[in-house]
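Overview (structure and organization)
Listed below are the residues making up each chain.
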Amino acid sequence: MIAKTEDDFNGLKEIGAICGAIRDELVQNTKPGMTTKEIDEIAGEMFEKAGAQSAPKGEYDFPGYTCISINEEVAHGIPAERTIQEGDLVNIDVSGSKNGYFADTGISFVVGKGEMILQKICDVAKEAFEAGLEKAKPGSKKSALGKAVHTVAKQHGLTVIKNLTGHGVGRSIHEEPDHIFNYFSRWDDEILTDGMVIAFEPFISTLEEEVFLSEDDGWTYLTDESFVAQYEHTIILTKEGPIITTL
């Protein structure tokens, strides 16, 4: 969407703050021995208390309030009876709506002490996000964000997932622009505009550049032999600088 009015900005900031608070609470509560279902139930309680709705559940009938992915699961992991272990790479993705406005945010992190490479890809995902954020301004080409992400990944001897992308958000959970690549495409020359609302989400990978959909559940995106970290926020692009609604 294009945010134009004070109501737009306030509505986007409100749901952004709710989703950001849920994300942070779930990260803090992710401990060895907990199941992903138990973590997800915390989100359900927080959505209800805030008078907001889970976007995956409300828009797609997803079997969970949030997406929680572990290790080989990259995105859209279903909260269930899987138990968190020390050293796991976990991704928590929270998206929701309130009063017709949407926000989307996610983060990957290591539970306790894990392999050094896991913390590295989490750190690089955040660094790639920050590099892309510098290009996230009206008048820039959308492809500049992907170029910045891929450049950071390569500097660290890593790569990106090419078939998971950022997207527009605001009045629905997925809208135009329908993709924001994590790599440079010279054909992707759309110009970013003032007030545009996007979910920008670099995916940094240790090896593979594509994920595949689980045949078992039809929701979860997986890798064969790579670890992947994501870092995502909802952003309103303005001439004065980007506004991150989900901090």
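Residues numbered from 1 in each chain as written. Predicted model: local features only at pLDDT ≥ 70, side-chain atom pairs only at ≥ 80, totals over all residues. Heavy atoms only, no water.

Identification of the chain as Methionine aminopeptidase from Aquibacillus rhizosphaerae is taken from an unreviewed UniProt entry. Among the UniProt annotations of the chain, the heading Catalytic activity (unreviewed entry) holds the following wording: "Release of N-terminal amino acids, preferentially methionine, from peptides and arylamides." A UniProt comment under Function (unreviewed entry) is attached to the chain, and it reads "Removes the N-terminal methionine from nascent proteins. The N-terminal methionine is often cleaved when the second residue in the primary sequence is small and uncharged (Met-Ala-, Cys, Gly, Pro, Ser, Thr, or Val). Requires deformylation of the N(alpha)-formylated initiator methionine before it can be hydrolyzed." (UniProt positions renumbered as here; feature names shortened; annotations may be inferred.)

**Observations regarding the overall build of the chain**
The helix and strand tally for the chain stands at 5 helices and 14 strands. The globule rule puts the C-alpha radius of gyration for 247 residues at 18 Å, and the 17 Å found for the chain is close to it. Along the three orthogonal principal directions, the C-alpha set of the chain runs to about 45 × 45 × 30 Å. Here the chain holds 247 residues, and 55% of them are scored as buried. (Helix = DSSP H or I, 4+ residues; strand = E, 2+ residues; numbered from the N terminus. Rg over C-alpha atoms; globule rule 2.2 N^0.38 Å. Buried < 20%, exposed > 50% of the residue type's maximum accessible area, 1.4 Å probe, protein only.)

**A few points about the nonpolar core**
Residues Val90 and Ile92 are the most contacted members of the largest nonpolar core, which totals 32 residues. Elements with a minimum of two residues in this core: helix 1 (6-29), helix 2 (36-50), strand 2 (67-70), strand 4 (89-98), strand 5 (101-110) and strand 9 (197-200). The element contributing the most residues to this core is helix 1, with 7 residues. Once residues within four sequence positions are removed from consideration, Val90 is found in contact with Thr30, Ile68, Ser69, Ile70, Ile84, Ile107, Ser108, Phe109 and Val111. (Core = buried A, V, L, I, M, F, W, Y, C linked by side-chain atoms within 4.5 Å. Contact = heavy atoms within 4.5 Å.)

**A closer look at the side chain of Ser69**
Within the fold, Ser69 resides in strand 2. Residue classification places Ser69 among the buried residues on the basis of a relative accessible area of 1%. With near-sequence residues (within four places) excluded, Ser69 lies in contact with Val74, Ala75, His76, Gly77, Leu89, Val90 and Asn91.

**Describing the sheet that holds strand 12 (residues 221-222)**
The 3 strands lie next to each other as 3-12-11, forming an open sheet whose pairing is antiparallel. The sheet terminates laterally at strand 3 (73-75) and strand 11 (212-213), the two strands that pair on one side only. (Pairing = 2+ DSSP bridges.)

**Considering the environment of Lys126**
Residue position: Lys126 is located in helix 4 (residues 116-133). Sequence spacing of Lys126 and Ser108 is 18 residues, and the spatial spacing of their C-alpha atoms is 9.4 Å.

**Notes on the pairing of strand 8 (residues 175-180)**
Bridge analysis of strand 7 (residues 166-168) against strand 8 gives 2 bridges, and the strand direction is antiparallel. Bridge pairing links Gly166 to Ile180 in strand 8. As consecutive antiparallel partners, strand 7 and strand 8 are separated by 6 residues, and within that stretch Gly170 has a phi angle of approximately 145 degrees, a positive value.

**Quick word on the packing of helix 1 against helix 2**
In the contact formed by helix 1 and helix 2, the axes pass within 10 Å of each other and the chain directions differ by 150 degrees. On the basis of their axis angle, the class for helix 1 and helix 2 is roughly antiparallel. When you trace helix 1 past helix 2, the crossing you get is right-handed. Here Ile18, Ala21, Ile22, Glu25, Leu26 and Asn29 of helix 1 lie close against helix 2, whose contacting residues are Ile39, Ile42, Ala43, Met46, Phe47 and Ala50. (Axes fitted to C-alpha atoms, helices over the stretch in contact; angles between N-to-C directions. Parallel < 35°, antiparallel > 145°, perpendicular 65-115°, else oblique. Left-handed = near helix turned anticlockwise from the far one by under 90°.)

**What to know about the UniProt feature "domain: Peptidase M24" (unreviewed entry) in the chain**
With numbering aligned to this structure, UniProt lists the feature "domain: Peptidase M24" (unreviewed entry) at residues 11-239. Secondary structure content for residues 11-239 is 31% helix and 26% strand, while the C-alpha to C-alpha distance between its ends is 19 Å.

**Observations concerning the environment of Leu192**
Relative to the assigned elements, Leu192 resides in the loop between strand 8 and strand 9. Setting aside anything within four residues of it in sequence, one finds Leu192 in contact with Lys135, Ala136, Lys137, Pro138, Gly139, Ser140, Lys141, Lys142, Leu145 and Leu237.

**Concerning helix 5 (residues 143-155)**
Spanning 13 residues, helix 5 covers 18 Å between terminal C-alpha atoms, matching the ideal 18 Å at 1.5 Å per step. Buried residues belonging to helix 5 abut helix 4, strand 6 (159-160), strand 8, strand 9 and strand 10 (203-205). One or two steps after helix 5, the chain reaches Gly157, where phi turns positive at roughly 70 degrees. (Expected span 1.5 Å × (residues − 1).)

**Section: the pattern of salt bridges**
Tallying each qualifying case throughout the model produces 8 salt bridges. Among the ionic pairs, Arg82 bridges to Glu72, the shortest N-O distance being 3.2 Å. Here Arg82, found in the loop between strand 3 and strand 4, pairs with Glu72, found in the loop between strand 2 and strand 3; they are 10 residues apart in sequence, far enough to count as distant. Given the relative accessible area of 33%, Glu72 is considered partly exposed. (Salt bridge = Lys/Arg side-chain N within 4 Å of Asp/Glu carboxyl O.)

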